[in-house]
Amino acid sequence: MKNVTLINHASTPVSPGNSPGGLVCLGGDNDVYVVIDDVISQYSTAGRRFKRLGECLLPFADVVSVHYQFCHGNLCLLLRSGKMMTLESDLTADSLDPVEVGDFESEVLAAGWSPDEELLAVASSTGADKLTLTLVDSERNLVGELDLLTPGEPTEHSHHVGWGAEETQFKGAGARAKQRDHSNTGAGDAAGASPLVTSSTQQPVICWREEKCDIFVVSLFHPREQQCRRFLVLDRQLNYLCSNDPKSPLLSSLIEFRPCGDLLACQGISPLGHFVHFYERNGLRHGEFKLPVPRDQSCTIDRLTFNPSSDVILVFLQSNGKHSLLVYTRRNYFWYQAQSYSLPSKCVFCVFDVINPFKAFILFDNGSLSSYHWRFDSADISSRDQISANHDRLFAVTNGRTLLVTPYRTVLPPPPIAFYQVECDSEISQSFLSSNSLFIVTSTVVELYSLSGSKLSGNVSATEFEGFKLIYSKYPEKRRQLALPECSQSTHFIHWAKVNERKLATLKSHESELKVIFYHINDRKLEEEGRIDVDIDSEVVGLEVANGAVYLCLRNGEVLHVNESNLENVFTFTVTPERFRVFWDPKSKVVDFICQTRQGGLYVNEHAISNCCTSFALHYINLPPDCDVNSEKCNSDVTGKSDVNTDSRVIGAACLIFTTHKHQLNIVKLPLDPEYLLKRSPDGESGAIVYKRKVERGSEIVGGCDTFVILQMPRGNLETIHPKPLLISLIQTHINCGRYLEAFTLCQKQRLDMNILCEFNFTKFLGDLGTILARVNNHLLLNLFISELNTEKCLLDFDRLSEVPFQEKVTTVCEKLIQVVSESPETIKDQYYLSVLMSHAKLGQIEQALQLVKEVDFKTAPQSSSSEPEGLKFLLLMVDVDSLFDIALGMYDKSLALKILEKSKKDPKEMLPILDELFAGTSEHEQRYRIDDHLRKHEKALASLVKFQTNFDIVFNYITLHDLYKPGLSHLEEKSHNWNRVAEKYSQILLKNGEYLSAGVYLVKLDKPDLACRAFVSAKDFTLAKFYLDLLVSTEVKDYFQLREGIISGLESVGKVSEAADLLSSFDQESSVSLLLKYNRWSEARSLVAKLSRPDLLTSLIIPGLHETLDQTVASMENSVKSCEEMCVRITEVATKKSRIREHLQRGEEGGLEGSISEFSSVSGVSSMRSGSSSGSRSGSRGKRAKKQRSLKHNSPEEDLAILEEIKKQRESVQSSLDSLTSLLVNLSLVGVSTNDRLRSAINSCQQLVRRMNNSLHTVWKSPFMFRVPDDPSDYSAVTDDTHVSVLPLKTEDLLLFVQPQNVKLETGSLHFIL
């Protein structure tokens, strides 16, 4: 679904007079060489125009073939006399002489180089009946020779069935009679048809297949078979493979090998008209297309040329003395006539540029050289215009004088079928859509059609198209036909665009002059408003209009703004653009320039979006007038940032969609968000891409609008997809504009998670719920929304404009819905009655739902009616019928239960007696008791049983049977006889079950403090136990003293030493003070001594305890310092050993050292583990290995780090001892102990120990073996001086082993800390 568009045309005279022959070949550096008679000229095609570089006069004028040898950088000329000459490629030199390099010694008729320049095939004649094919290599060594008139038997059999035989050709029912008449005429009549190709020469033609360079074809006229032209297919070894069927339609001398594939193209003769036939290499005919020439009119094809990518074929046609160029392109196995041009004279040679497959160089017999440069553009002519949502988007494919139009928003038939056709009087060159007008540009006029609603008004025909009847057709008159001024054969209108309703802009090319012309649309003609000369030497890639401004994009990357009188450079791409588009953002008033390169690069301004783009399109979401996404109402919500979530990735009114070689469809939000431009995904793609999805291999974008994108598969079929970002954007816009019905319908149609409707703006949704019900006006949509509500976060990617309580979302929405409907008028209540039932069911409120069914259905319809209640029927779809029956029975409603029983699978003969028995009670409470007991609702049954049963023994037995002690106590009066009976039983069960605390509470209420105290002790709540122990008398309670000792021990075990000492002081004062001293509670011990008025305890207990603790602290500090010194000595030894081992390994010496550290051989131990172990065992093994690596065991891999950790541990122990020493000195002074020799000795010992430890640590830091800068910077190392240590590049967790974090600072490339 693409059209061919001309983007540049240039022409230059080569020879002053007419030349019936000539040759063209491509050279390096965009050079073209032209040979006419005895003159060879060199032209540069780097710019828009031809530039003559030089020419050379040859001493001969019979050149048959000219070829530029890329491997040698020179020209190879083959003369008709058989001589092969070489010539320097630079024709700007003063004197050039051809050099003879070989001679075929016969008359050369045709020649062809293989695309890889390894072989040269030459057809030569040595007599009237002698035609020889000679194959030589690049060094002119003979590979082989073959007599073309008697080649022998082919190695591959030709096929003469199906397409290969004329009588089996399928041409439709209308052509069968003509085929029969033609078959009856015999060979003589076939020969009589020869005047159709009387201009065909008898010269042979050689053509290679460019894709594999493995085979070539020779087309020749056989002199022994009158009017019979054959083609022979041969391989590189000159083996004759196959040929065409002699009975096939007569061929012309022209033949062209399709570069990709096995097809050959040539002109054929048929009574049905003029055709271009395609043949396979084995002679099997494989399709054709008809030329736009009447059957009875003479017609000659001067030349056929495929482009290198095989999707374009040029047909140079001569008919009625007029010459024309037809450009055909193949899409979905059908050949379209994409373009048609009138030529000044006959084409004598045509060649395509190898680098640019859509640029052709044509040499005419009038001595002029022309270049045509085309490109493929999308057939979506609506893509450049954001038309109203009421209009159809249009595909328009050009096929000669017919425009195949399809409104793809309505219908999507596979090409080449179209919805309808627009017939024009002459060949169509371009078509474009703008607002409500369709413009069709032909060679002489611009036909203008109007779009009315979704119908196209104009000259629309309804005819059969390739056997398929068109779906829809209309026959109105044309609206307007505007004549094009200054039309001639050398005039080409390259680009067209609509500036406004009455103004068009185009780029006009006339004899290498380029002008931008503005036309005013008049009634019957186009009136020129102004023109601007474009004096540039670069091709114009595109002409675009944005907000009334016209922009030109050049091949060199410049973007020019077309003013009224001049061109202004507004931007320059750093790449070579191939396609160009402009996007204008009406909100920010900013213009973005988009281009795609031939190599697949996609750029938006200077930002690279992708490097493997295959197709792209600007995509617009066309909204109704009241849903303008750029309005102030919607702009803050959809396209702006929210306070809740600043990761705004929502597509606005336009976006950029493109496909890649990775078979992905990507979407970029426009305008670009600078926040994401610098981000890159792990696979290197731009962070501006907000959406990706896989597509079929080779898919390309054809068009799309709103929420759908149309892709064309490699097979040619069209597929429509709806990317989720486009759907989400449209849904959010609908919500912001209050179009809730459209939002609900879109979610239903595209099967999107309907939680987005409430999560997008949860607060607004709840506030507008009444409005939503009124505008949706469809309870089925609301039911679908309720059914999809859940407590999880919606997985769709969108911004939430308010906080969403996900766990309470279902409850909040359903309760709000029930409230809104209950407060609404009766019409709303009736309409959304089922929605309310579903909300109750969603909340699990089945009883409330059944109550609503009773109020609504049973009120409107009599209970005896046979009609089934609508609400009950709907409720049965959501709730199991047996569960619903039990709930109805629990509502004590027999009629409702009977209604539900009818829908259940229960046996009525069994259930009806049970229902009668359940409702047979004498009182209401007795009925409820029986029903609740039947439903195993024992708590509710107990509540009813207490109300009507006078025999408490029955109640007590029911409580005991169903373990209903706690609810039973709530129904009885506290401390009554019945209550005490149940509570005593309950407390016994609690004690038996180990629930001592609850049992103790009930025992307190039963006035049993001794048992309660024991229960609290068992529950280890010693505070309560102590409280109730104080209420007891020791003589009245058995084992009182043992209970008291247990409470004291319990308080001590849970850390409540003060409370234990307080209880102990009531009977043993010395023990209570000793208990506090045991836990170093010096201040509490002093307070207790003062409280007991026992100063003697200071000298007997507290002061000796302080001295004893002081001695223990000094001894502990000494042990820590001693251990630290040992570790410091050891770490120096380990560092020295590691240094020797490292030097030993660097020298490459074999063998190990005595006592070597195992880290240098630990890899082998790790690799020897069993590979079949489970992941859990591997995880455990890793933990064990980590512990073994960093241990104090000698020669462990991380022995030095383990030693540092031990040093840190001992240093912390010394610091703790110092803190304890300070506290002891303070307490000694508080009890009146002055400084004596014992205290001085302890203080001096501590100071000496601290100095010893610091000296050891400084020795470690200043060790030359432990901390140094090694040769290998990847090793962990450090360098030190007197003030700080710089560690490079040790891990932080290893650095801070014995240095406090507050002394550490991180600088660039290193970590420093103060000693």
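Right, let's walk through the structure included here. (Residues numbered from 1 in each chain as written. Predicted model: local features only at pLDDT ≥ 70, side-chain atom pairs only at ≥ 80, totals over all residues. Heavy atoms only, no water.)

Our focus in this paragraph is the overall build of the protein. Looking only at helices and strands, the protein has 35 helices and 60 strands in total. By residue count, 52% of the 1315 residues in the protein fall in the buried class. Considering only residue pairs separated by 6 or more positions, the protein has 51% of its internal contacts joining residues 24 or more positions apart. By element, 49% of the accessible surface of the protein is carried by carbon and sulfur atoms, the whole surface being about 61500 Å². (Helix = DSSP H or I, 4+ residues; strand = E, 2+ residues; numbered from the N terminus. Buried < 20%, exposed > 50% of the residue type's maximum accessible area, 1.4 Å probe, protein only. Contact = heavy atoms within 4.5 Å. Areas by Shrake-Rupley, 256 points an atom, 1.4 Å probe, with all protein chains shown as cover.)

The next point concerns the packing of aromatic side chains. Per the stated rule, a full pass over the model turns up 30 aromatic pairs. Between Tyr372 and Trp374, the aromatic rings sit 5.7 Å apart at their centres with planes inclined by 10°, giving stacked as the arrangement. The class for Tyr372 is buried, based on a relative accessible area of 3%. With relative accessibility at 2%, the residue Trp374 sits in the buried group. Members of the aromatic cluster, each reached through a chain of ring pairs, are Phe278, Phe289, Phe306, Tyr328 and Trp335. Sitting over the face of the ring of Phe376, Arg331 holds its NZ or CZ atom 4.6 Å from the ring centroid. (Phe/Tyr/Trp six-rings, centres within 6.5 Å; stacked < 30°, edge-to-face > 60°. Lys NZ or Arg CZ within 6 Å of the ring centre and 35° of its normal.)

This brings us to the sheet that holds strand β17 (residues 240-243). The strands making up a sheet associate through backbone hydrogen bonding, with each pair oriented either parallel or antiparallel. Spatial strand order, β14-β15-β16-β17: four strands in an open sheet with antiparallel pairing. The open sheet has two edge strands with one neighbour each: β14 (205-208) and β17. Sheet twist, expressed as the mean angle between neighbouring strand axes with direction ignored, is 25°. Across seven bridges, strand β15 (residues 215-221) lies against strand β16 (residues 229-235) in antiparallel orientation. Bridge pairing links Ser219 to Phe231 in β16. (Pairing = 2+ DSSP bridges. Axes fitted to C-alpha atoms, helices over the stretch in contact; angles between N-to-C directions.)

Along the polypeptide, Ser1123 turns up in helix α30 (residues 1096-1146). On the basis of relative accessibility, which here comes to 18%, the residue Ser1123 falls in the buried class.

Attention now goes to the pairing of strand β29 (residues 394-399). Residues in a regular strand point their side chains to alternate faces of the sheet. With six of its six residues buried, β29 lies for the most part within the structure. Burial of the side chains of β29 extends over both faces: Leu394, Ala396 and Thr398 are buried on one face and Phe395, Val397 and Asn399 on the other. Note: β29 against strand β30 (residues 402-407), six bridges, orientation antiparallel. Pairing of Phe395 across the sheet is with Thr406, part of β30. The turn joining β29 and β30, which pair antiparallel and follow one another in sequence, is formed by two residues; a positive phi near 70° is taken by Gly400.

Another point: helix α4 (residues 724-736). Residues separated by three or four positions in an α-helix point in the same direction, a consequence of the helix having 3.6 residues per turn. End to end, α4 covers 18 Å across 13 residues, agreeing with the expected 18 Å (1.5 Å per residue, within 8%). Buried residues dominate α4, accounting for 12 of its 13 residues. At the C-terminal side of α4, Gly738 shows a positive phi close to 80°. (Expected span 1.5 Å × (residues − 1).)

Turning to the packing of helix α19 (residues 938-948) against helix α20 (residues 952-962), a few remarks are in order. Packing of α19 against α20 leaves a shortest axis separation of 11 Å and a crossing angle of 170°. By the criterion of interaxial angle, the relationship of α19 to α20 is roughly antiparallel. Between α19 and α20, the residues in contact are His938, Ala941, Leu942, Leu945 and Val946 and Val955, Tyr958, Ile959 and His962, respectively. Here the residues of the contact of α19 with α20 sort into seven nonpolar, two polar and no charged. (Parallel < 35°, antiparallel > 145°, perpendicular 65-115°, else oblique. Nonpolar A, V, L, I, M, F, W, Y, C, P; charged D, E, K, R; others polar.)

A few words now on the pattern of salt bridges. A complete count under the given rule lists 32 salt bridges for this structure. Through salt bridges with shared partners, a single network forms among Lys359, Glu539, Arg555, Glu578 and Arg598. (Salt bridge = Lys/Arg side-chain N within 4 Å of Asp/Glu carboxyl O.)

So, about the nonpolar core. Counting 90 residues, the largest nonpolar core has Phe744, Leu757 and Phe785 as the members making the most contacts within it. If you tally residues by element for this core, the top one is helix α10 (residues 809-822), at seven residues. Look past the residues within four positions of Phe744 in its chain and what remains in contact with it is Met754, Leu757, Ile772, Val776, Leu781, Leu782 and Phe785. By size, the runner-up hydrophobic cluster in this structure holds 79 residues, among which are Val1073, Leu1088, Val1089 and Leu1204. (Core = buried A, V, L, I, M, F, W, Y, C linked by side-chain atoms within 4.5 Å.)

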